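Examining the three-dimensional arrangement
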Amino acid sequence: MRLCFFAKVRFAEELNHVEFYAQDLRVLREMGCEVVRATQLRAIRPADLYVVWWWTWAAFPVFYARLLGRPVIVTGVFDYWKYPERSAVHRLLHRLALRFADANVFISRFEYDQIPRVLSVRHPRYIPLTIDTEIYRPGSTPRENFILTIAKMIGGNGVRKCIEEIVRAAPLIHQTHPELRFVVAGELDSRYPGLARELGADGYMEFPGVVDSGSKVDLMRRCRLYLQPTRFEGFGLAIAEAMACGAPVVTSSEGAVPEVVGDHAVFIDGYSPEAIAAGVNALLSDPGRQRALSQGGPDRIRDLFSYERHRREWTALIESFG
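Conventions adopted
- Numbers given to residues run from 1 along each chain, matching the order in which its sequence is written.
- Totals for whole chains, interfaces and linings use every residue, but because this is a predicted model, local features are given only for residues with pLDDT of at least 70 and side-chain atom pairs only at 80 or more, for both listing and counting.
- Derived side-chain values reflect all non-hydrogen atoms in the structure, with water molecules and hydrogen atoms excluded from consideration.
- The angle between two axes is taken between their N-to-C directions and runs from 0 to 180 degrees, where each axis is a line fitted to C-alpha atoms and a helix contributes only its stretch in contact.
- What counts as a helix is a DSSP run of H or I of at least four residues, what counts as a strand is a run of E of at least two, and both are numbered from the N terminus.
- For classification, angles of less than 35 degrees are called roughly parallel, those exceeding 145 degrees roughly antiparallel, those between 65 and 115 degrees roughly perpendicular, and all remaining angles oblique.
- Take the far helix as your reference; a near helix turned counterclockwise from it by less than a right angle gives a left-handed crossing, and one turned clockwise gives a right-handed crossing.
- We call two residues contacting when some pair of their heavy atoms lies within 4.5 Å.
- Three categories are distinguished: nonpolar for Ala, Val, Leu, Ile, Met, Phe, Trp, Tyr, Cys and Pro, charged for Asp, Glu, Lys and Arg, and polar for the others, with Gly belonging to the last.
- To estimate how far a helix should extend, the number of its residues minus one is multiplied by 1.5 Å.
- At every residue, the bend is computed as the angle between two fitted axes, covering the seven residues ending there and the seven beginning there respectively.
- Only protein chains enter the area calculation, which uses a 1.4 Å probe; residues under 20% of their type maximum are buried, those over 50% are exposed, and those in between are partly exposed.
- Only buried residues count toward a nonpolar core. Its members are Ala, Val, Leu, Ile, Met, Phe, Trp, Tyr and Cys residues joined through side-chain atoms within 4.5 Å.
- Any pair of Phe, Tyr and Trp rings, taking the six-membered ring for Trp, is counted once the centres come within 6.5 Å. Such a pair is stacked with planes under 30 degrees apart, edge-to-face with planes over 60 apart, and tilted for the rest.
- One bridge is not enough; two strands pair if DSSP finds at least two bridges between them.
- Here a patch means residues that are over 30% exposed by relative accessible area and free of salt bridges, tied together within 9 Å if like-charged and within 5 Å if nonpolar (Val, Leu, Ile, Met, Phe, Trp, Tyr).
- Accessible areas in this description were obtained via Shrake-Rupley with a 1.4 Å probe; residue shielding takes into account the shown protein chains only.
- Salt bridge, as used here: a side-chain nitrogen of Lys or Arg that lies within 4 Å of a carboxyl oxygen of Asp or Glu.
- Both cavities and pockets are sets of points on a 1 Å grid over the protein atoms alone; in a cavity a 1.4 Å probe fits but cannot get out, in a pocket the set is open with protein on both sides within 12 Å along at least five of seven lines, and lining residues sit with an atom within 4 Å of a point.
- Grid points are joined across faces, edges and corners, and a volume is the space filled by probe spheres set on the points.

Below, the discussion takes up the packing of helix 7 (residues 163–176) against helix 12 (residues 273–284). At a minimum axis distance of 8 Å, the contact between helix 7 and helix 12 shows a crossing angle of 45°. One element, helix 7, and the other, helix 12, form an angle in the oblique class. In this structure, helix 7 meets helix 12 at a crossing whose hand is right-handed. On helix 12, the residues that touch Glu165, Ile166, Arg168, Ala169, Leu172, Ile173 and Thr176 of helix 7 are Pro273, Glu274, Ile276, Ala277, Val280, Asn281 and Leu284. Its residues placed into classes, the contact of helix 7 with helix 12 shows nine nonpolar, two polar and three charged.

Attention now goes to helix 7. Between the first and last C-alpha of helix 7 there are 21 Å, a value that for 14 residues agrees with the 20 Å anticipated at 1.5 Å per step. Within helix 7, the axis deviates most sharply at Ala169, by approximately 30°, and proline Pro171 lies no more than four positions further along. All of the buried residues along helix 7 are Ile163, Glu165, Ile166, Val167, Ala169, Ala170, Pro171, Ile173 and His174.

Now for the nonpolar core. Ranked by size, the top nonpolar core spans 56 residues in total, and within it Phe5, Ile73, Leu148, Tyr226 and Trp314 carry the most contacts. In terms of residues, this core owes the most to one element, helix 10 (residues 237–244), which gives seven residues. If near-sequence neighbours (up to four positions away) are discounted, Trp314 is found in contact with Asp24, Val27, Val51, Ile73, Thr75, Val105 and Ile127. In terms of nonpolar packing, the next biggest core, distinct from the first, is built from 30 residues, Ile147, Val167, Leu227 and Ala277 among them.

Turning our attention to the packing of aromatic side chains. In the structure shown here, the tally under the stated rule is 17 aromatic pairs. Seen from their ring centres, Tyr21 and Trp53 are 5.5 Å apart, and the 90° between their planes marks the pair as edge-to-face. Of the two residues, Tyr21 sits in helix 2 (residues 19–31) while Trp53 sits in strand 3 (residues 49–53), which places them 32 residues apart along the sequence. Summarising the aromatic geometry, the rings of Tyr50 and Tyr64 are spaced 6.0 Å apart at their centres and angled 80° between planes, so their arrangement reads as edge-to-face.

Turning to the sheet that holds strand 12 (residues 266–267), a few remarks are in order. If you walk across this open sheet you meet the six strands as 9-8-7-10-11-12, and the pairing is parallel. For this open sheet the edge positions go to strand 9 (205–209) and strand 12, each flanked by a neighbour on one side alone. Pairing analysis gives three bridges linking strand 10 (residues 225–228) to strand 11 (residues 249–251), with the strands arranged parallel. The residue of strand 11 that forms the bridge with Gln228 is Thr251.

Before going further, it helps to spend a moment on a nonpolar patch on the surface. The grouping of Leu41, Trp57 and Phe60 at the surface amounts to a nonpolar patch, some 250 Å² of accessible area in total. For Leu41, the position within the fold is in the loop between strand 2 (34–38) and strand 3. Leu41 gets classed as partly exposed once you look at its relative accessible area, which sits at 30%.

Once that is clear, we can look at the layout of surface pockets. Its boundaries defined by the atoms lining it, the second largest pocket holds a volume of some 340 Å³. Forming the walls of the second largest pocket are 23 residues, and the residues nearest its centre are Glu19, Ala22, Gln23, Arg26 and Ile135. Those elements that place two or more of their residues in the lining of the second largest pocket are helix 1 (14–17), helix 2, helix 9 (213–222) and helix 10. Considering every element that reaches the lining of the second largest pocket, the biggest residue donor is helix 2, with seven residues. Of the residues in the lining of the second largest pocket, the class split is 11 nonpolar, six polar and six charged.

Right, here's the structure in full:
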């Protein structure tokens, strides 16, 4: 089967190192598909089946596929919380993709239940993101005195991930736990290191920028806890990865996060630096709770969100189109 995989990204290499793209491509490779990758609309080519990430741009490949009489699957995070703020054109493109795709695959139960209630969706399916637990698993060395956050911080994503609130919470945590460092990794917006300097936190806050997958796993295995407050998550992949590595997690009960973490995380109000600091300090003062989260998190991810599930369910969907 010749398959065209489309995701509109700035750099083609993102398809290799962004976990959710790479995981889908791995499934297709293991199925023996001939895959044509397209990161711009002009690169879309004739194929037997189309897999498209993100509804924002999906209407174009959807209609291209329909002109050829070929099936098309659209997947991603829909982000309905932002939908009313989008332009009229973008809202129309979203609705057209939902209506004319041969399958709309939602990566969380939260959006699978939510979106068909408010918009017309053709053939909704639920296939969650999953974790390769052969890679993301606890390490054998003791945990170290640093708190880890991994997020793309540019533009609105830094706001959604509550990066400013994390930076403002850091001095409040450091007052009680002066031995701790903070590592905030990911594509960087300079305003956050600048804010750390203003608050006098730059001596114990590190912003290493983008880290490769091996370094990310290493950090998740070694951190004292993983901190990711959020205003919304369509799934919460980094949270699940940290859990799989045995890191105790502090996060927010927004979007799909509760279905991912269950009771294996500490929930805090991500809008409040004081609430973030209080939640982190409470967990740091409770070694028993840290051990319980560290032991239970990997089991939950392995039981509910293993890569084998992703491969099985995506394989069945693709094979249903012949």
